[in-house]
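Here's the letter readout for the chains.
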Amino acid sequence: VSEFKPNIIIAPSFQFVKFIDNYKKIDKDVKIIAYSDSPEIIKDVFNYIKVLKLPEFFKKLITSLLYKRYVNTMINYHITFLKKCDYIMTPTKEDKLEIERLTKINEKKIAVIPPVMISSKPKIFKRVNKIRKVLFIGACNFWPNLEAIQIIKEKIAPKLKDIEFIIVGKDCKPEIDGNVHILGEINDINPIMEKADAFIAPLISGKGMKTKILTYFEYKKPVIGTSLAFRGYRVKNKFNCIIEDNVDKFYLRINELNEDPRLIKRIQSNISEVLRDFSEKELKKKMNYVLNKVN
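In this report, the structure presented in the accompanying data block is examined. Remember, predicted model here, so these are calculated numbers, not experimental data. (Residues numbered from 1 in each chain as written. Predicted model: local features only at pLDDT ≥ 70, side-chain atom pairs only at ≥ 80, totals over all residues. Heavy atoms only, no water.)

## Overview of the pattern of salt bridges
So the rule is basically this: Throughout this description, the term salt bridge denotes a Lys or Arg side-chain nitrogen within 4 Å of a carboxyl oxygen of Asp or Glu.
Taken as a whole and assessed by the stated rule, the structure comprises 19 salt bridges. Residues participating in the shared-partner salt-bridge network are Glu 40, Asp 95, Glu 98, Arg 101, Lys 207 and Arg 231.

## Side note on the pairing of strand β1 (residues 8–11)
Put simply, the rule reads: The classification of residues rests on relative accessible area computed with a 1.4 Å probe and restricted to protein chains. Under 20% of the type maximum is buried, over 50% is exposed, and intermediate values are partly exposed. Where helices and strands are cited, they refer to DSSP runs of H or I of at least four residues and of E of at least two residues respectively, numbered from the N terminus. Should DSSP find at least two bridges between two strands, the strands are taken to pair. A clockwise path from the first strand over the helix to the second, with the strands pointing away from the viewer, defines a right-handed crossover.
Of the two faces of β1, the one holding Ile 9 and Ala 11 is buried and the one holding Ile 8 and Ile 10 is not buried anywhere. In terms of strand pairing, β1 meets strand β2 (residues 31–35) through four bridges, oriented parallel. Its bridge partner being in β2, Ile 10 is matched across the sheet by Ile 33. Each parallel crossover has a hand, and for β1 linked through helix α1 (residues 17–26) to β2 it is right-handed.

## A look at the packing of aromatic side chains
Our working rule: Between the rings of Phe, Tyr and Trp (Trp by its six-membered ring), a pair exists once the centres lie within 6.5 Å; its type follows the angle of the planes, with under 30 degrees stacked, over 60 edge-to-face, and the other angles tilted.
Tallied over the full model, the rule gives eight aromatic pairs. The interplanar angle of 0 degrees and the centroid separation of 4.7 Å between the aromatic rings of Phe 199 and Tyr 216 together place this pair among those described as stacked. Taken together, the residues span a long stretch of sequence, with Phe 199 in strand β9 (residues 198–201) and Tyr 216 in helix α6 (residues 212–218) at a distance of 17 residues. Each member of the pair, Phe 199 as well as Tyr 216, carries the same accessibility label: buried. These aromatic residues form a ring-pair network of at least three members: Phe 217, Phe 230, Tyr 233 and Phe 278.

## Here's the deal with the sheet that holds strand β11 (residues 242–243)
Our working rule: Working rule for contacts: check all heavy atoms of both residues, and any pair within 4.5 Å makes them a contact. Fitted lines through C-alpha atoms serve as axes, helices being fitted only where they are in contact, and the angles separating the N-to-C directions of these axes extend from 0 to 180 degrees.
Strand order in the open sheet formed by seven strands is β7-β8-β6-β5-β9-β10-β11, and the pairing between neighbours is mixed. Single-partner strands in this sheet number two, and they are β7 (175–177) and β11. Sheet topology places strand β5 (residues 133–137) next to strand β6 (residues 164–168); five bridges connect them, and they run parallel. Bridge pairing in β6 places Leu 135 opposite Ile 166. Packing against the sheet, helix α7 (residues 250–259) makes contact with β6, β9, β10 (223–225) and β11, and its axis sits at approximately 160 degrees to β10.

## Considerations on a nonpolar patch on the surface
Stated precisely, the cut-off is as follows: Without a salt bridge and with relative accessible area above 30%, a residue can belong to a patch; like charges are then joined within 9 Å and nonpolar side chains (Val, Leu, Ile, Met, Phe, Trp, Tyr) within 5 Å. Throughout, the Shrake-Rupley method with a 1.4 Å probe supplies accessible areas, and for residues the shown protein chains are the sole cover considered.
Together, Leu 54, Phe 57, Phe 58, Leu 61, Ile 62, Leu 65, Leu 66 and Tyr 70 make up a nonpolar patch on the protein surface, roughly 730 Å² of accessible area in all. By secondary structure assignment, the location of Phe 57 is in helix α2 (residues 56–84).

## Remarks on the packing of α2 against helix α3 (residues 93–103)
Helices that pack against each other are described as a pair by the angle of their axes relative to one another and the distance between those axes. To be explicit about the condition: The cut-offs work like this: below 35 degrees is roughly parallel, past 145 is roughly antiparallel, 65 to 115 is roughly perpendicular, and the gaps in between are oblique. Amino acids outside the nonpolar list (Ala, Val, Leu, Ile, Met, Phe, Trp, Tyr, Cys, Pro) and the charged list (Asp, Glu, Lys, Arg) are all regarded as polar, and Gly is one of them.
It is the contact of α2 with α3, at a shortest axis distance of 10 Å, that shows an interaxial angle of 95 degrees. Taken together, the axes of α2 and α3 are roughly perpendicular relative to one another. Where α2 abuts α3, its residues Ile 79, Leu 82 and Lys 83 lie against Ile 99, Leu 102 and Thr 103. Among the residues forming the contact of α2 with α3, the class breakdown is four nonpolar, one polar and one charged.

## Thoughts on unusual backbone geometry
Positive phi outside glycine occurs at Asp 171, with the angle close to 65 degrees. Tracing the backbone shows Asp 171 in the loop between β6 and β7. The backbone of Lys 220 sits at a positive phi, close to 50 degrees, despite the residue not being glycine. For Lys 220, the position within the fold is in the loop between α6 and β10.

## A closer look at the sheet that holds strand β4 (residues 110–112)
The parallel open sheet is built from four strands, whose spatial order is β1-β2-β3-β4. Every interior strand has two partners, whereas the edge strands, β1 and β4, have only one. The mean inter-strand angle of the sheet, taken between neighbouring strand axes irrespective of direction, is 20 degrees. Running at roughly 165 degrees to strand β3 (residues 87–90), helix α9 (residues 280–294) makes contact with β1, β2, β3 and β4 of the sheet.

So, in structure tokens, the structure goes:
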């Protein structure tokens, strides 16, 4: 790195904090830009313990012994990293607010830039009149996705017997359970995305930005999700999506769509407004703004 002599270094993780310290000794003029979620995302790391193949006793023991100490240590480490940087890019406005609160860094030194961009190749548009197939995408080695799958199987699908719920994701065991069809991991998601009439995201835990939501939006079909699922997206209920934070009422929202084709049409027509934030042109503009600020 010292041979390259960069004017700016973008550090994608708090694990670079020692590197920053060492490199600053070589070049005091270099500008460091962090790309970071809120430090509070550290709290989610213990969700992974829930999916490990360990006895429940050991899971509870590990959590009780290590959670508080680990989380506090890592959050402080993360805060130290952010304070050493000249500028911060973060994926959502919620992350920005949490970073401001935890670090007391001036908001003018923090920019919201999403980590994903829409595909240059437009997806096939399908006008939806009736919802018969609903799709959820999520790896089964990630606790928030497992929670969402259980919610679909126990709270949503049983009340909508005439609708097929399709689940696709890495480490998901293929099975058919009533009207829930778990396909597991597949090579080409596109045909299934095209056949689906709507997408679902009953997420109730986790932080950060759910990039699969953008994949859903690219197909311009109704997306029904919690506020947490739409974190980082400029959405409005019944305008370009359906927002429902009570997972016991998800089935009612799907019924509402099926009873009102005009609502489906309105949502499909307005999804383009969400996608504008993720165009190459918009992301370049935001990135150029940050680079000009630190130069």
